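Residue strings, one per chain:
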Amino acid sequence: MGLQIDIQAMLANHAALAAQAPGARAAAVVKADAYGLGADKVAPALYAAGVRDFFVALAREGRAIRPLLPDDARINVLSGHMEGEDLTGLTPVLNSPAQFFRDRAMRPGQPFAIQLDTGMNRLGMEAPEWAALRDEALAAAPAFIMSHLACADEPDHPANAAQLAAFRAMTDGCNVPRSLAATGGILLGPDYHFDLVRPGVGLYGGMPFANARPVVNLSLRVIQTRDVKAGEIVGYGATWHAGRDSRIATVDAGYADGILRALSSSGAMLFAGQTACPIVGRVSMDLITVDVTDLRTVPDRLDLICPRQPIDRLADLAGTIGYEILTALGLRYQRTYL
Ligand SMILES: *Cc1c(COP(=O)(O)O)cnc(C)c1O
């Protein structure tokens, strides 16, 4: 099994997104093990390319990459200061008054940031909470103040302008660096960029960054092929019958590796990155069966993710989004970094 990760393409995507927001520093979001690609490789490569601001979801993700990055890398923890968490060397993004007071009591003088809720109603202080502690928070000099857009991948959605206005109303005059845009927000234009942008999925080749270079290639090995007669069944539940005499290839990964079971009898794998061969029958835990009847040769590998079938195409086939395809990529693959 081979999961190839093109680090140069990932860095090119970061540079391209950073170039769209020339007035802002471009951070990198490396939560969920850099969207499944391996934060231990991705984060140091970004650092070497000049990135100094990183975002993770959990403190333990931050602790995992802290030893891999020099001291001037700032690692921001989006879940903030959870009780009992060791935040040494990390910057919690404080989401509530409770987190703010806990953090200031336990980590006086240590760096922190603030998240405000501008309408997504997921994380962050709401306007009245912020109004009540704003002076005290600003006196403690937060590293930045941020919020997050709910609909940035839909440029015409009215929530974007509403959240932007709410963010301005809460932060104008604060004299602290501000951050609102993830990948989608960068593409919304300069009004959304402020001082720090936080691209994630676009680095890894996913939508809404339509011009991203592909970063991931997933090629699976054929374990066995067999000829089945018209009318025979393939796979669990006998959900697929051969409509003609067929040749079926069985490849060496399944839903335990993040190849969603929803791709059963709907997705395709590509021979030599070109010729689509339908996935037939159910995706099982460790195996997928593919109809290779129309190939002139017996393949020894088939590609699931490649330029002809990028992660967002696979996501469409599985009824999900590229983010889920990436973060589901399992730990059994041999990851190769280009
Ligand atoms: C995940 C996340 C990001 C990155 O979002 P992408 O859409 O992957 O670019 C940025 N900011 C916050 C708060 C996030 O949760």
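Cut-offs applied
Residues numbered from 1 in each chain as written. Predicted model: local features only at pLDDT ≥ 70, side-chain atom pairs only at ≥ 80, totals over all residues. Heavy atoms only, no water. Near = heavy atom within 4 Å. Polar contact = N/O pair within 3.5 Å; in protein donor to acceptor, adjacent residues only side chain to side chain. Areas by Shrake-Rupley, 256 points an atom, 1.4 Å probe, with all protein chains shown as cover. Nonpolar A, V, L, I, M, F, W, Y, C, P; charged D, E, K, R; others polar. Pairing = 2+ DSSP bridges. Helix = DSSP H or I, 4+ residues; strand = E, 2+ residues; numbered from the N terminus. Contact = heavy atoms within 4.5 Å. Axes fitted to C-alpha atoms, helices over the stretch in contact; angles between N-to-C directions.

Caption draft 1: Representation of the site of the ligand in the model. Around the ligand there are 14 residues in total, and K31, Y35, T183, V201 and Y323 lie nearest to it. R122 places a polar side-chain atom, nitrogen or oxygen, 3.5 Å from an oxygen atom of the ligand. In the environment of the ligand, a nitrogen atom lies 3.0 Å from a nitrogen or oxygen atom belonging to the side chain of R198. A total of 380 Å² of accessible area belongs to the ligand in isolation, and the protein chains cover 91% of it. Of the residues belonging to the shell around the ligand, the class tally is eight nonpolar, three polar and three charged.

Caption draft 2: Representation of the sheet that holds strand β8 (residues 145-146) within the structure. Within the open sheet, the seven strands sit side by side as β3-β4-β5-β6-β7-β8-β9. Their pairing is parallel. Two strands in the sheet have a free side with no partner beyond their single neighbour: β3 (28-29) and β9 (178-179). Here β8 runs beside β9; their pairing, made up of two bridges, is parallel. Bridge assignment links M146 to a residue of β9, and that residue is S179. Packed on one face of the sheet, helix α5 (residues 97-106) meets β6 (91-94) and β7 (113-115) and runs near 145 degrees to β6.

The values are spatial; any link to function lies outside them.
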